[in-house]
Amino acid sequence: MKTAFITGATAGIGAAAARLLLREGWQVVGTGRRGDRLESLHDELGDAFLPIVSDMRDADDLQRVVDQLPEAFRGVDLLINNAGLAPPMTDLQNAEQAPLSNVIATNVDGLVTLTRALLPTLIERRGAIVNLSSVAATYPYRGGAVYAGTKAFVRQFTLGLRCDLQGTGVRVTSIEPGMVETEFTLVRTGGNQAASDALYSGMNPMTADDIAETIRWVATLPPHLNVNTLELMPTSQSWAGFAINREA
Ligand code: 8X3
């Protein structure tokens, strides 16, 4: 049986990927900060789902999680680096530092720490790594400088890691979605459900299941095929034009 390790499995894309892979016969290690969410997923999915409470911002904790994986779940074949968040949409000149540092610690430091900790196993098993980046890695938008910066890091880290892993058989992919209706916007707006609902209202966003299906497809391609980057948007989303200020 193949084993996937999914960060941020408590909700959204992570939880959808856990459900899908379990349905397809995988077993899944799911991490996240919210123990109650992980426990209810365990109740729903059974013992092929191993819930582990862990914080992406705590490097020692991440190493402990990897070191203490129970024997039956130690052979990780697929790492899905899904955990991540965005700070409030505030121009940097008006932003507080703490939320920005929190995002960088989660999206960048945590992702690198966990990937590094799992690499020996992934190399041994000729496994795969799927990193969740974003369209924001490529297309900037106002109020998203730090978030976009972290996602550009994830994309370029993915490509660089492919170079480092040349010859190991390990596959590495950066998946870069646009608007997916999850708790992402609720977090970004500090819990403003009305703002989140308004953003997704009437635009038929992608769903967590759409992205989970994409992850499954990438991860189960024949071993000689590596998807480097994969950008997705809902049909209703495209790009804005350049902003021009005439008083500058
Ligand atoms: C976030 C993508 O389009 O919702 O990763 O800003 S978008």
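Just so it is clear, the model here is predicted, and its values are computed rather than measured.

## Focus on the side chain of Gln237
Relative to the helices and strands, Gln237 resides in the segment after strand S7 (229-232). For Gln237, the residues in contact, after removing those within four places along its chain, are Gly178 and Met179.

## Remarks on the sheet that holds strand S3 (residues 49-53)
Picture the strands of a sheet paired through backbone hydrogen bonds; they go either parallel or antiparallel. Taken in spatial order, the seven strands make up an open sheet running S3-S2-S1-S4-S5-S6-S7, and their pairing is parallel. Whereas interior strands pair on both sides, the edge strands pair on one side only; in this sheet they are S3 and S7. Along the sheet, successive strands turn relative to each other by an average axial angle of 15°, direction set aside. In terms of strand pairing, strand S1 (residues 3-6) meets strand S2 (residues 27-32) through four bridges, oriented parallel. When the sheet's bridge partners are listed, Thr3 is paired in S2 with Gln27. Across the sheet, helix H5 (residues 145-164) lies against strand S5 (128-132), strand S6 (171-177) and S7, angled at about 160° from S6, the strand it touches most. Across the face of the sheet, helix H8 (residues 208-219) comes into contact with strand S4 (78-81), S5, S6 and S7 while running at roughly 160° to S6.

## Overview of the pattern of salt bridges
Inspection of every chain in the model, using the stated rule, returns nine salt bridges. Across the salt bridge formed by Glu183 and Arg37, the nearest N and O atoms sit 2.8 Å from each other. Taken together, the positions of Glu183 in the loop between S6 and helix H6 (184-188) and Arg37 in helix H2 (residues 35-45) put the pair 146 residues apart, joining distant regions of the chain. A residue is classified by how much of its surface remains accessible, and Arg37, at 27% relative accessible area, is partly exposed.

## A word on the environment of Ala86
The topology assignment puts Ala86 in the loop between S4 and helix H4 (97-124). Overall, Ala86 belongs to the buried group, its relative accessible area being 3%. Spatially, the C-alpha atoms of Ala86 and Leu186 are 10.0 Å apart, while their sequence positions differ by 100 residues.

## Regarding H4
When the terminal C-alpha atoms of H4 are compared, their 40 Å separation across 28 residues agrees well with the 40 Å that a helix rising 1.5 Å per residue should span. In H4, a bend of some 45° at Leu118 exceeds every other bend along the element, and Pro120, a proline, comes one to four places later. After H4 finishes, the residue Arg126 shows a positive phi value of roughly 50°.

About the criteria used
Residues numbered from 1 in each chain as written. Predicted model: local features only at pLDDT ≥ 70, side-chain atom pairs only at ≥ 80, totals over all residues. Heavy atoms only, no water. Helix = DSSP H or I, 4+ residues; strand = E, 2+ residues; numbered from the N terminus. Contact = heavy atoms within 4.5 Å. Pairing = 2+ DSSP bridges. Axes fitted to C-alpha atoms, helices over the stretch in contact; angles between N-to-C directions. Salt bridge = Lys/Arg side-chain N within 4 Å of Asp/Glu carboxyl O. Buried < 20%, exposed > 50% of the residue type's maximum accessible area, 1.4 Å probe, protein only. Expected span 1.5 Å × (residues − 1). Bend = angle between axes of the 7 residues up to and from the residue.

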